Each structure stands twice: as C-alpha cells, then as structure tokens.
Amino acid sequence: MKFWSDSTYGVQPLLTDEAVREAEKVLGVRLPEALLELLRVQNGGGVVDERSAFPSEPNSWAPDHAPFDTLMGIGTAGRAMSLLDTPYLVEEWGLPSPVVLLTGDGHWWIALDYRECGPAGEPPVVWLDADDESEPALAPDFRSFLAGLVPAESFD
C-alpha cells in the first residue's frame, strides 16, 4: 500500500547513510529500521489519506484516534520541521526525553519513546500531549504503528 502523498511540502533531500549517522548522533539514539526504510523512499512529507490516523484511547485531538498526516524527515532543507528539530522542540514544549518526534503541532506529538528501551533499543510509539501532560502508548514499535494506520475518515 502506498504511504507517501504527492505533496512535496516537508520533503527533505534524498536520505544518505551519512545523514542517518549524523541524525543518530544529534538525537543520541538508533533510529528504527522500519522508519529508515520509509525515509529512504521519500525523506519526509505528507502521508496518503488511507494511512492518516491511528486508533487510540481518548486524547486532546479526538476520542478514538491520533492524526498522522505527515512524517518528518531528516534534514535541514526548507522551512518544514525535521527529526533533527527534536532536541529544540523537547526543550521548548517541556516534553520527556529521550524521544524522537515524528509529527505534531506543539500541543501534541507522536514520538518514538526511548526512555525504557534505551538509545539502542526498539522504542514504542507514543502520543505526547504538552497541554495535559498525558503520554498514552500507541504501538509497541514503529513497524506495528505503520501496520495500524487507517484512514482518518473512518472515525466520526
């Protein structure tokens, strides 16, 4: 099934092994292979409508799902946020650490959570709500998160 939308907003230059090594150094973690596989196809950008939400417990966005219409890439091109912005955004929004932010708007984020697995582990995917400080788990790992994505329109 297709993952990336046709939009070019947020797309970073082609992902190289050197860029991955530098990102992992900046972030202080090993990024999941499932994430890197996606970013090697297209380095960030919009997600197709068919994969734009993840079923979840109630959160500040909706009673039954989390939005997922973009995935940040790795790079510094353009004005779009990147995974490399995580350290700044964590500090700015008072988020827990270590995490890697995948998408969000400041008030909420979907992130890889390295707090229990450590920097070389396989992190779960969590919802981080900066306003109410909730942190519900979404999926045990990024590959499971991808498998659980559904169309946002399937929710009321």
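Residues numbered from 1 in each chain as written. Predicted model: local features only at pLDDT ≥ 70, side-chain atom pairs only at ≥ 80, totals over all residues. Heavy atoms only, no water.

1. Some thoughts on the overall build of the protein chain
- Counting its regular elements, the protein chain contains four helices and eight strands.
- For the protein chain, whose C-alpha radius of gyration is 14 Å, the value lies close to the compact-globule estimate of 15 Å for 156 residues.
- The buried share among the 156 residues of the protein chain stands at 51%.
- Taking all contacts inside the protein chain whose residues are at least 6 apart in sequence as the whole, residues at least 24 apart take part in 57%.
- Approximately 7,900 Å² of the protein chain is accessible, and the part contributed by carbon and sulfur atoms is 52%.
- Put simply, the protein chain has 9 plus and 27 minus side-chain charges, and the middle of one group is 11 Å from the middle of the other. (Helix = DSSP H or I, 4+ residues; strand = E, 2+ residues; numbered from the N terminus. Rg over C-alpha atoms; globule rule 2.2 N^0.38 Å. Buried < 20%, exposed > 50% of the residue type's maximum accessible area, 1.4 Å probe, protein only. Contact = heavy atoms within 4.5 Å. Areas by Shrake-Rupley, 256 points an atom, 1.4 Å probe, with all protein chains shown as cover. Lys, Arg positive; Asp, Glu negative; His and termini not counted. Charge placed at Lys NZ, Arg CZ, Asp CG, Glu CD.)

2. Here we look at the nonpolar core
- Of all hydrophobic cores here, the largest spans 45 residues; its most connected members are L31, L71, I110, F142 and F145.
- Only α1 (17–27), α2 (33–41), α3 (86–93), β5 (99–104), β6 (108–113), β7 (125–129), β8 (137–139) and α4 (142–148) provide two or more residues apiece to this core.
- For F145, the residues in contact, after removing those within four places along its chain, are F54, F68, I110, V125, L138 and A139. (Core = buried A, V, L, I, M, F, W, Y, C linked by side-chain atoms within 4.5 Å.)

3. With respect to the packing of aromatic side chains
- Across all of its chains, the model carries seven aromatic pairs by this definition.
- Ring geometry for F3 versus W4: centroids 4.8 Å apart, planes at 85°, classification edge-to-face. Here F3 matches W4 in class, with each residue buried.
- Note on F68 and F145: the rings are 5.0 Å apart at their centroids and 85° apart in plane angle, and the pair reads as edge-to-face. Note that F68 is positioned in the loop between β3 (65–67) and β4 (70–71) and F145 in helix α4, a separation of 77 residues in sequence.
- Residue F145 is classed as buried on the basis of its relative accessible area, which comes to 0%.
- Clustering of aromatic rings is evident, with ring pairs tying together F3, W4, F54, F68, F142 and F145. (Phe/Tyr/Trp six-rings, centres within 6.5 Å; stacked < 30°, edge-to-face > 60°.)

4. With respect to the sheet that holds β5
- Strand order in the open sheet formed by four strands is β5-β6-β7-β8, with antiparallel pairing between adjacent strands. Only two strands of the sheet have a single neighbouring strand rather than two, namely β5 and β8. Going across the sheet, the axis of each strand differs from the next one's by a mean of 35°, ignoring polarity.
- Relative to β7, β6 is paired through five bridges, and the arrangement is antiparallel. If you follow W109 over to β7, its bridge partner there is L128. (Pairing = 2+ DSSP bridges. Axes fitted to C-alpha atoms, helices over the stretch in contact; angles between N-to-C directions.)

5. Here we look at the environment of W108
- Relative to the assigned elements, W108 resides in strand β6.
- Spatially, the C-alpha atom of W108 lies 15 Å from that of Y88, the residues being 20 residues apart in sequence.
- Beyond its immediate stretch of four places on either side in the chain, W108 contacts W61, P67, T103, W127, L128 and D129.

6. Comments concerning unusual backbone geometry
- Backbone torsion omega between S97 and P98 reads 5°, so that peptide bond is classified as cis.
- Take P98: it is sitting in the loop between α3 and β5.
- Not every positive phi belongs to a glycine, and E133 is a case in point at roughly 60°.
- Residue position: E133 is located in the loop between β7 and β8.
- Judged by relative accessible area, which is 66%, E133 ranks as exposed.

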